[in-house]
Amino acid sequence: MAKNDEQHQACAACFQGYKIDGEPKGTMGELGGLAYYFAPGKSTEKAIVLGTDLFGLGVPNCKIVADWFADNTGLPVFVPDLLEGEFGSTRPLGDYIDPSKLGLEEFQEPMAAKPFLTRMRIMAGAVWSFGFKIGPRFLARHSMGHVEPIAVKFCRDLKEQKGFKSLGFVGYCFGGTLSVLLAKRDSPLDACVCFHPGGPSPTAWKNIAKPFMLVCSEEDFAFDRNKATVLPILAGLKVPVEVWDDNKGTTHGFGCRPDMAKPEVRDAFERGLERTKEWFEMQI
(Lines give C-alpha, C1' and ligand atoms only; values in the text may rest on other atoms or scores of the structure.)
Protein backbone atom coordinates (compact mmCIF):
# COMPACT_ATOMS: atom_id res chain seq x y z
CA MET A 1 0.00 0.00 0.00
CA ALA A 2 1.38 3.40 -0.98
CA LYS A 3 2.17 5.60 1.98
CA ASN A 4 -0.10 8.62 2.16
CA ASP A 5 0.82 12.14 3.25
CA GLU A 6 -2.47 12.90 5.00
CA GLN A 7 -2.35 14.59 8.40
CA HIS A 8 -4.84 14.70 11.22
CA GLN A 9 -5.66 18.40 11.61
CA ALA A 10 -5.70 18.62 15.39
CA CYS A 11 -7.35 21.48 17.24
CA ALA A 12 -7.35 22.36 20.92
CA ALA A 13 -10.65 20.53 21.37
CA CYS A 14 -8.86 17.29 20.44
CA PHE A 15 -7.15 17.47 23.84
CA GLN A 16 -10.10 18.19 26.13
CA GLY A 17 -13.11 16.30 27.33
CA TYR A 18 -14.62 14.23 30.11
CA LYS A 19 -14.23 10.70 31.37
CA ILE A 20 -17.24 8.42 30.98
CA ASP A 21 -18.42 6.83 34.20
CA GLY A 22 -17.81 3.13 34.56
CA GLU A 23 -15.01 0.61 34.41
CA PRO A 24 -13.86 -1.36 31.35
CA LYS A 25 -14.94 -5.01 31.38
CA GLY A 26 -12.77 -6.36 28.59
CA THR A 27 -9.22 -7.62 28.35
CA MET A 28 -5.98 -6.75 26.59
CA GLY A 29 -4.60 -8.91 23.79
CA GLU A 30 -2.04 -8.85 21.01
CA LEU A 31 -2.35 -9.52 17.29
CA GLY A 32 0.47 -9.25 14.79
CA GLY A 33 2.64 -7.54 17.37
CA LEU A 34 0.05 -4.84 18.14
CA ALA A 35 -1.71 -4.55 21.50
CA TYR A 36 -5.48 -4.18 21.55
CA TYR A 37 -8.39 -3.92 23.96
CA PHE A 38 -11.03 -6.61 23.45
CA ALA A 39 -14.72 -6.48 24.34
CA PRO A 40 -16.13 -9.97 23.67
CA GLY A 41 -19.22 -10.67 21.60
CA LYS A 42 -21.06 -13.74 20.36
CA SER A 43 -20.40 -13.42 16.63
CA THR A 44 -17.49 -15.26 15.02
CA GLU A 45 -18.10 -13.83 11.54
CA LYS A 46 -18.53 -10.08 12.16
CA ALA A 47 -16.63 -7.65 14.36
CA ILE A 48 -16.17 -3.95 15.04
CA VAL A 49 -12.85 -2.11 15.16
CA LEU A 50 -12.75 1.15 17.11
CA GLY A 51 -10.28 3.91 16.22
CA THR A 52 -9.49 6.06 19.25
CA ASP A 53 -8.97 9.76 19.64
CA LEU A 54 -5.53 11.20 20.43
CA PHE A 55 -5.64 9.88 23.99
CA GLY A 56 -5.49 6.34 22.64
CA LEU A 57 -5.86 3.69 25.32
CA GLY A 58 -4.67 6.15 27.95
CA VAL A 59 -8.19 7.06 29.08
CA PRO A 60 -10.96 4.51 29.67
CA ASN A 61 -13.61 6.09 27.42
CA CYS A 62 -12.76 4.11 24.29
CA LYS A 63 -12.88 0.86 26.26
CA ILE A 64 -16.24 1.69 27.83
CA VAL A 65 -17.66 2.60 24.40
CA ALA A 66 -16.29 -0.68 23.01
CA ASP A 67 -18.02 -2.56 25.84
CA TRP A 68 -21.30 -0.82 24.96
CA PHE A 69 -21.07 -1.87 21.32
CA ALA A 70 -20.22 -5.46 22.25
CA ASP A 71 -23.12 -5.65 24.74
CA ASN A 72 -25.65 -4.09 22.37
CA THR A 73 -24.66 -5.56 19.00
CA GLY A 74 -23.43 -9.00 20.02
CA LEU A 75 -20.30 -8.34 17.96
CA PRO A 76 -16.78 -8.52 19.40
CA VAL A 77 -15.04 -5.15 19.45
CA PHE A 78 -11.30 -4.58 19.03
CA VAL A 79 -9.57 -1.30 19.97
CA PRO A 80 -6.04 -1.47 18.54
CA ASP A 81 -3.29 0.56 20.19
CA LEU A 82 -2.54 2.54 17.03
CA LEU A 83 -0.30 4.89 19.02
CA GLU A 84 1.91 1.84 19.69
CA GLY A 85 2.17 2.24 23.42
CA GLU A 86 2.43 6.03 23.44
CA PHE A 87 -0.49 6.07 25.86
CA GLY A 88 -1.07 2.33 25.97
CA SER A 89 -1.50 0.01 28.88
CA THR A 90 2.19 -0.95 28.94
CA ARG A 91 3.35 2.56 29.80
CA PRO A 92 3.34 4.11 33.30
CA LEU A 93 0.23 6.12 34.07
CA GLY A 94 2.29 9.31 34.29
CA ASP A 95 3.10 9.08 30.57
CA TYR A 96 -0.54 9.56 29.58
CA ILE A 97 -1.96 12.91 28.55
CA ASP A 98 -4.08 14.14 31.43
CA PRO A 99 -6.89 16.31 29.97
CA SER A 100 -7.38 18.10 33.29
CA LYS A 101 -3.85 19.50 33.17
CA LEU A 102 -4.07 21.00 29.70
CA GLY A 103 -6.23 23.97 30.66
CA LEU A 104 -8.54 23.63 27.66
CA GLU A 105 -11.86 23.30 29.47
CA GLU A 106 -13.30 26.37 27.77
CA PHE A 107 -13.33 24.52 24.46
CA GLN A 108 -16.02 22.29 25.89
CA GLU A 109 -18.47 25.19 25.42
CA PRO A 110 -19.40 26.49 21.94
CA MET A 111 -17.13 29.40 21.03
CA ALA A 112 -19.19 31.15 18.36
CA ALA A 113 -21.18 33.32 20.78
CA LYS A 114 -18.17 34.35 22.90
CA PRO A 115 -16.75 37.90 22.54
CA PHE A 116 -13.84 38.27 20.11
CA LEU A 117 -11.24 39.03 22.79
CA THR A 118 -12.39 36.03 24.83
CA ARG A 119 -11.96 33.78 21.80
CA MET A 120 -8.49 35.17 21.16
CA ARG A 121 -7.47 34.60 24.79
CA ILE A 122 -8.70 31.01 24.70
CA MET A 123 -6.95 30.32 21.40
CA ALA A 124 -3.67 31.77 22.68
CA GLY A 125 -3.89 29.52 25.73
CA ALA A 126 -4.53 26.52 23.49
CA VAL A 127 -1.47 27.25 21.36
CA TRP A 128 0.71 27.50 24.47
CA SER A 129 -0.77 24.32 25.97
CA PHE A 130 -0.19 22.31 22.81
CA GLY A 131 3.30 23.65 22.23
CA PHE A 132 4.62 23.16 25.76
CA LYS A 133 2.54 20.35 27.28
CA ILE A 134 2.08 18.07 24.28
CA GLY A 135 4.55 19.18 21.64
CA PRO A 136 4.21 19.25 17.85
CA ARG A 137 6.41 16.18 17.46
CA PHE A 138 3.58 14.06 18.85
CA LEU A 139 1.48 14.48 15.69
CA ALA A 140 4.55 14.02 13.50
CA ARG A 141 5.28 10.66 15.17
CA HIS A 142 1.69 9.56 14.64
CA SER A 143 1.00 10.84 11.14
CA MET A 144 -1.67 9.15 9.08
CA GLY A 145 1.08 7.92 6.77
CA HIS A 146 2.44 5.96 9.73
CA VAL A 147 -0.81 4.93 11.40
CA GLU A 148 -2.90 3.90 8.39
CA PRO A 149 -0.70 0.91 7.42
CA ILE A 150 -0.77 -0.27 11.04
CA ALA A 151 -4.58 -0.12 11.06
CA VAL A 152 -4.86 -1.86 7.68
CA LYS A 153 -2.57 -4.68 8.81
CA PHE A 154 -4.50 -5.12 12.04
CA CYS A 155 -7.81 -5.37 10.17
CA ARG A 156 -6.36 -7.80 7.65
CA ASP A 157 -5.01 -9.90 10.51
CA LEU A 158 -8.49 -9.99 12.05
CA LYS A 159 -9.85 -11.47 8.83
CA GLU A 160 -6.95 -13.77 7.99
CA GLN A 161 -5.97 -14.95 11.47
CA LYS A 162 -9.20 -14.59 13.45
CA GLY A 163 -11.51 -15.62 10.61
CA PHE A 164 -13.88 -12.63 10.58
CA LYS A 165 -15.68 -12.15 7.27
CA SER A 166 -17.02 -8.63 7.82
CA LEU A 167 -15.57 -5.68 9.75
CA GLY A 168 -17.05 -2.33 10.66
CA PHE A 169 -14.83 0.56 11.74
CA VAL A 170 -15.92 3.45 13.95
CA GLY A 171 -13.42 6.24 14.52
CA TYR A 172 -13.46 9.32 16.73
CA CYS A 173 -11.44 12.51 16.13
CA PHE A 174 -8.00 11.08 15.19
CA GLY A 175 -9.72 7.76 14.52
CA GLY A 176 -12.37 9.65 12.53
CA THR A 177 -9.73 10.94 10.15
CA LEU A 178 -8.43 7.40 9.86
CA SER A 179 -11.92 6.08 9.08
CA VAL A 180 -12.02 8.22 5.92
CA LEU A 181 -8.73 6.73 4.72
CA LEU A 182 -9.84 3.19 5.57
CA ALA A 183 -13.02 3.49 3.50
CA LYS A 184 -11.15 3.29 0.20
CA ARG A 185 -11.75 0.47 -2.28
CA ASP A 186 -8.86 -1.85 -1.34
CA SER A 187 -9.48 -1.60 2.41
CA PRO A 188 -10.25 -4.71 4.49
CA LEU A 189 -13.12 -2.78 6.12
CA ASP A 190 -16.71 -3.32 4.99
CA ALA A 191 -18.33 -0.17 6.45
CA CYS A 192 -17.07 2.90 8.30
CA VAL A 193 -18.42 5.46 10.76
CA CYS A 194 -16.61 8.76 11.26
CA PHE A 195 -17.19 11.01 14.28
CA HIS A 196 -15.96 14.64 14.13
CA PRO A 197 -12.74 14.12 12.09
CA GLY A 198 -9.78 16.47 11.87
CA GLY A 199 -9.40 16.38 8.08
CA PRO A 200 -8.38 14.86 5.70
CA SER A 201 -8.03 16.24 2.15
CA PRO A 202 -10.86 16.33 -0.43
CA THR A 203 -9.09 13.59 -2.41
CA ALA A 204 -9.40 11.17 0.50
CA TRP A 205 -13.14 11.84 0.79
CA LYS A 206 -13.55 11.26 -2.97
CA ASN A 207 -11.85 7.86 -2.59
CA ILE A 208 -14.49 6.55 -0.17
CA ALA A 209 -15.82 3.32 -1.65
CA LYS A 210 -17.40 1.61 1.36
CA PRO A 211 -20.71 2.38 3.14
CA PHE A 212 -19.93 5.48 5.18
CA MET A 213 -21.57 7.52 7.92
CA LEU A 214 -20.30 10.94 9.04
CA VAL A 215 -21.32 12.36 12.41
CA CYS A 216 -20.68 16.07 12.96
CA SER A 217 -20.69 18.24 16.06
CA GLU A 218 -22.49 21.57 15.99
CA GLU A 219 -19.18 23.43 16.38
CA ASP A 220 -15.90 21.88 15.31
CA PHE A 221 -12.65 23.81 14.97
CA ALA A 222 -11.00 20.79 13.36
CA PHE A 223 -13.63 20.14 10.66
CA ASP A 224 -15.79 23.22 10.09
CA ARG A 225 -13.35 24.76 7.60
CA ASN A 226 -13.64 21.64 5.41
CA LYS A 227 -17.31 20.85 5.88
CA ALA A 228 -18.67 22.86 2.94
CA THR A 229 -16.31 21.02 0.61
CA VAL A 230 -16.83 17.56 2.06
CA LEU A 231 -20.63 17.36 2.15
CA PRO A 232 -21.12 17.70 -1.65
CA ILE A 233 -18.42 15.07 -2.18
CA LEU A 234 -20.26 12.63 0.07
CA ALA A 235 -23.55 13.39 -1.68
CA GLY A 236 -22.00 12.34 -4.99
CA LEU A 237 -20.56 8.99 -3.90
CA LYS A 238 -21.86 5.72 -5.36
CA VAL A 239 -22.04 3.91 -2.00
CA PRO A 240 -24.51 4.19 0.90
CA VAL A 241 -23.77 7.43 2.77
CA GLU A 242 -25.41 9.04 5.76
CA VAL A 243 -24.54 12.41 7.30
CA TRP A 244 -25.78 13.05 10.81
CA ASP A 245 -25.51 16.76 11.47
CA ASP A 246 -28.22 17.38 14.08
CA ASN A 247 -26.28 17.55 17.33
CA LYS A 248 -27.20 20.80 19.05
CA GLY A 249 -24.93 22.08 21.79
CA THR A 250 -22.04 19.76 20.91
CA THR A 251 -18.39 20.52 20.19
CA HIS A 252 -15.57 18.43 18.75
CA GLY A 253 -15.13 15.25 20.77
CA PHE A 254 -18.70 14.71 21.98
CA GLY A 255 -18.82 11.20 20.50
CA CYS A 256 -16.06 9.88 22.76
CA ARG A 257 -15.47 12.47 25.53
CA PRO A 258 -18.95 13.87 26.29
CA ASP A 259 -19.98 16.05 29.20
CA MET A 260 -22.79 13.81 30.40
CA ALA A 261 -24.03 16.51 32.78
CA LYS A 262 -25.33 18.48 29.76
CA PRO A 263 -28.62 17.01 28.48
CA GLU A 264 -28.03 17.97 24.83
CA VAL A 265 -24.55 16.48 24.80
CA ARG A 266 -25.62 13.33 26.62
CA ASP A 267 -28.50 12.87 24.20
CA ALA A 268 -26.23 13.31 21.18
CA PHE A 269 -23.67 10.87 22.60
CA GLU A 270 -26.31 8.22 23.30
CA ARG A 271 -27.97 8.69 19.91
CA GLY A 272 -24.52 8.36 18.32
CA LEU A 273 -24.08 4.96 19.93
CA GLU A 274 -27.51 3.78 18.79
CA ARG A 275 -27.15 5.13 15.25
CA THR A 276 -23.73 3.51 14.85
CA LYS A 277 -25.19 0.21 16.05
CA GLU A 278 -27.99 0.50 13.47
CA TRP A 279 -25.54 1.41 10.71
CA PHE A 280 -23.42 -1.67 11.30
CA GLU A 281 -26.52 -3.86 11.52
CA MET A 282 -27.47 -2.66 8.02
CA GLN A 283 -24.04 -2.55 6.39
CA ILE A 284 -21.87 -5.41 7.69
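In case you missed it, the structure is sitting above this.
Just so you know, these numbers come straight off a predicted model, no measurement behind them.

1. A few points about the pattern of salt bridges
If charged atoms from side chains of opposite charge come close, those side chains can pair.
Okay, step 1: For the structure on display, the rule yields 13 salt bridges.
Okay, step 2: One salt bridge in this structure joins Asp245 and Lys227, with 2.8 Å as the shortest N-O distance. Remark: Lys227 occurs in helix H7 (residues 224–235) and Asp245 occurs in the loop between strand E8 (241–244) and helix H8 (263–283); sequence separation between them is 18 residues.
Okay, step 3: Residue class for Asp245 comes out partly exposed when judged on its relative accessible area of 36%.
Okay, step 4: The closest approach of N and O atoms between Lys262 and Asp259, which form a salt bridge, is 3.7 Å.
Okay, step 5: You can call Asp259 buried: its relative accessible area is 13%.
Okay, step 6: Here the residues in one salt-bridge network are Glu242, Arg275 and Glu278, joined through shared partners.

2. A word on the packing of aromatic side chains
Okay, step 1: Using the criterion set out here, one finds 10 aromatic pairs in the structure.
Okay, step 2: By way of ring pairs, the aromatic residues Tyr36, Phe38, Phe78, Phe154 and Phe164 are connected into one cluster.

3. Let's talk about the pairing of strand E5 (residues 166–172)
Okay, step 1: With seven of seven residues buried, E5 is to be regarded as a mostly interior element.
Okay, step 2: The two faces of E5 match: Ser166, Gly168, Val170 and Tyr172 on one face and Leu167, Phe169 and Gly171 on the other face are all buried.
Okay, step 3: Here six bridges tie strand E3 (residues 46–51) to E5, and the two strands are oriented parallel to one another. Looking at the pairing, Gly51 lines up with Gly171 of E5.
Okay, step 4: Here five bridges tie E5 to strand E6 (residues 191–195), and the two strands are oriented parallel to one another. What sits directly across from Val170, in E6, is Val193.
Okay, step 5: Chirality of the crossover, the property in question, places the unit of E5, helix H5 (residues 174–181) and E6 among those that are right-handed.

4. Details of the nonpolar core
Okay, step 1: By size, the foremost hydrophobic cluster in this structure holds 40 residues, and its most contacted members are Trp205 and Phe212.
Okay, step 2: In terms of residue count, the dominant contributor to this core is helix H4 (residues 144–162) (eight residues).
Okay, step 3: If sequence neighbours within four positions are ignored, Trp205 has contacts with Val180, Cys194, Pro197, Gly199, Pro200, Phe212, Leu214, Phe223, Val230, Ile233, Leu234 and Leu237.
Okay, step 4: Grouped together as the second largest cluster of nonpolar side chains are 32 residues, Val193, Cys256, Trp279 and Ile284 included.

Rules of the game
- Residues numbered from 1 in each chain as written.
- Predicted model: local features only at pLDDT ≥ 70, side-chain atom pairs only at ≥ 80, totals over all residues.
- Heavy atoms only, no water.
- Salt bridge = Lys/Arg side-chain N within 4 Å of Asp/Glu carboxyl O.
- Helix = DSSP H or I, 4+ residues; strand = E, 2+ residues; numbered from the N terminus.
- Buried < 20%, exposed > 50% of the residue type's maximum accessible area, 1.4 Å probe, protein only.
- Phe/Tyr/Trp six-rings, centres within 6.5 Å; stacked < 30°, edge-to-face > 60°.
- Pairing = 2+ DSSP bridges.
- Right-handed = clockwise from strand over helix to strand, strands pointing away.
- Core = buried A, V, L, I, M, F, W, Y, C linked by side-chain atoms within 4.5 Å.
- Contact = heavy atoms within 4.5 Å.

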